[in-house]
Amino acid sequence: MATTGAGDVVVRLDGVTIGYDKNKPLAEIPSLKIKNGEILAIAGPSGIGKSTLVKTIAGLVRPLSGDIEVCGVMAPRRPVRGELGYIPQRLGLIRHATVFHNVLIGSRAKFCGPLDIFASKQAKEWAKKAIAIMGLEHKIWEPIKRLSGGQQRRVATARTLAQRPKLILADEFLSELDEETMSKVANAVVEYSRQEGAAVVLIEHDISRARSIADRLVVMDDGRLNPFLSETKTLEVKM
Ligand SMILES: Nc1ncnc2c1ncn2[C@@H]1O[C@H](COP(=O)(O)OP(=O)(O)OP(=O)(O)O)[C@@H](O)[C@H]1O
Ligand SMILES: [Mg+2]
């Protein structure tokens, strides 16, 4: 199956309309390209269709029209297992299972079929490392239901980092976090992207926060992904 290499476009949208009803499209995206290693923020008011756009890129919602290519694969086919990591706005964690178990689901996604001893050990190591990066070692054996909202959000981020994807779709992954934790979590994702050359699409309603994290910002406005409100900058990574 085709996969992306260095310098490639990881996400390409051409003439795409998104929404749930052909008669009431939410937004038009005439053209959008996201390259390997690029961090793109999408901002815009509540209800405009930001989550719908990432769900459409993730292949969870069908576009109403247009062409979508993700990790070298044209929709409706899906990228290779484990290449796309999605942090949903509603986190989709297993509430009665432990932090470790939830994150292990992410790292196991990289492997197909039953895991041999080596793969199983590797998946556990990735999971533990991602939990440590998110500062949740002390909660590793706690069930999700006993964690705060911000801690649960960090578990969802750890689950995606443990998967080691080529593309991360992060929907409001910094909400419910205090400034210090937010900065740590944002830096962990930026660092992962820089080290692995992974692209990140992050949805962020706070424009100044979006600007501080991303290389490029686009704003969804009046039902369009407005290219005139797009800006690019050079990023400083805080270590
Ligand atoms: N499964 C669905 N079926 C039909 N309509 C939906 C569905 N999910 C969302 N919508 C509608 O689509 C619109 C856009 O929702 P979406 O969640 O994409 O907005 P958003 O920009 O992410 O908002 P927020 O900033 O509040 O998260 C809303 O009017 C919402 O009610
Ligand atoms: Mg949303």
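Quick note: structure is the one above.
Residues numbered from 1 in each chain as written. Chains lettered and ligands numbered in written order. Predicted model: local features only at pLDDT ≥ 70, side-chain atom pairs only at ≥ 80, totals over all residues.

Student: If you had to explain the overall build of the protein to someone new, which residues and values would you point to?
Tutor: Within the protein, the regular secondary structure consists of six helices and ten strands. The proportion of buried residues among the 239 residues of the protein is 41%. (Helix = DSSP H or I, 4+ residues; strand = E, 2+ residues; numbered from the N terminus. Buried ≥ 20, exposed ≤ 12 C-beta atoms within 10 Å, placed from the backbone.)

Student: Can you tell me about the packing of helix 2 (residues 99-108) against helix 3 (residues 117-133), naming the residues and giving the values?
Tutor: Between helix 2 and helix 3, the least distance of the axes is 8 Å, while the angle of their chain directions is 120°. By the criterion of interaxial angle, the relationship of helix 2 to helix 3 is oblique. You can see that helix 2 and helix 3 cross each other, and the crossing is right-handed. Contacts between helix 2 and helix 3 involve V99, F100, V103, L104, S107 and R108 from the first element and A123, K124, W126, A127, A130 and I131 from the second. Residues that form the contact of helix 2 with helix 3 fall into these classes: nine nonpolar, one polar and two charged. (Axes fitted to C-alpha atoms, helices over the stretch in contact; angles between N-to-C directions. Parallel < 35°, antiparallel > 145°, perpendicular 65-115°, else oblique. Left-handed = near helix turned anticlockwise from the far one by under 90°. Contact = placed C-beta atoms within 7 Å. Nonpolar A, V, L, I, M, F, W, Y, C, P; charged D, E, K, R; others polar.)

Student: A description of the pairing of strand 8 (residues 199-203) should follow, citing residues and the corresponding values.
Tutor: Successive side chains on a regular strand alternate, one facing one side of the sheet and the next facing the other. Most of strand 8 sits out of view: five of its five residues are buried. Burial of strand 8 is two-sided: the residues A199, V201 and I203 facing one way and the residues V200 and L202 facing the other way are all buried. The pairing of strand 3 (residues 39-43) with strand 8 spans four bridges and is parallel. When the bridges of strand 8 are listed, I39 appears paired with V200. Pairing geometry for strand 7 (residues 167-171) and strand 8, over five bridges, is parallel. From the neighbouring strand, L169 faces strand 8, where its bridge partner is V201. Traced from strand 7 through helix 5 (residues 179-196) to strand 8, the parallel crossover comes out right-handed. (Pairing = 2+ DSSP bridges. Right-handed = clockwise from strand over helix to strand, strands pointing away.)

Student: An account of the environment of A188 is needed here, citing residue identities and associated values.
Tutor: Among the structural elements, A188 can be located in helix 5. Since 18 C-beta atoms lie within 10 Å of it, A188 is described here as partly exposed. Sequence spacing of A188 and L161 is 27 residues, and the spatial spacing of their C-alpha atoms is 9.0 Å. Not counting residues within four places of it along the chain, the set of residues in contact with A188 comprises I133, M134 and L161.

Student: Let's hear about the environment of G150: which residues, and what values?
Tutor: You can see G150 is positioned in helix 4 (residues 149-163). The class of G150 is partly exposed, set by 15 C-beta atoms lying within 10 Å. Along the sequence, G150 and D178 sit 28 residues apart, while their C-alpha atoms lie 8.4 Å from each other.

Student: Now, about the nonpolar core: what can you tell me, with residues and values included?
Tutor: Counting 67 residues, the largest nonpolar core has A130, A158, L167, L169, V201 and L202 as the members making the most contacts within it. No other element matches helix 3, which puts six residues into this core. Sequence-distant contacts of L169, that is, excluding residues within four places in its chain, are made with V54, I57, A58, L84, Y86, I87 and V201. (Core = buried A, V, L, I, M, F, W, Y, C linked by C-beta atoms within 7 Å.)

Student: Tell me about helix 4, and name the residues and values.
Tutor: With 15 residues, helix 4 extends 22 Å between its outermost C-alpha atoms, agreeing within 8% with the 21 Å of an ideal straight helix rising 1.5 Å per residue. Counting buried positions over the 15 residues of helix 4 gives twelve, a clear majority of the element. Turning to helix 4, its buried residues number three or more, namely Q152, R153, R154, V155, A156, T157, A158, R159, T160, L161, A162 and Q163. Check the buried side of helix 4 and you find it contacts strand 6 (84-87), helix 2, helix 3, strand 7 and helix 5. Just past helix 4, the residue R164 takes up positive phi, approximately 50°. (Expected span 1.5 Å × (residues − 1).)

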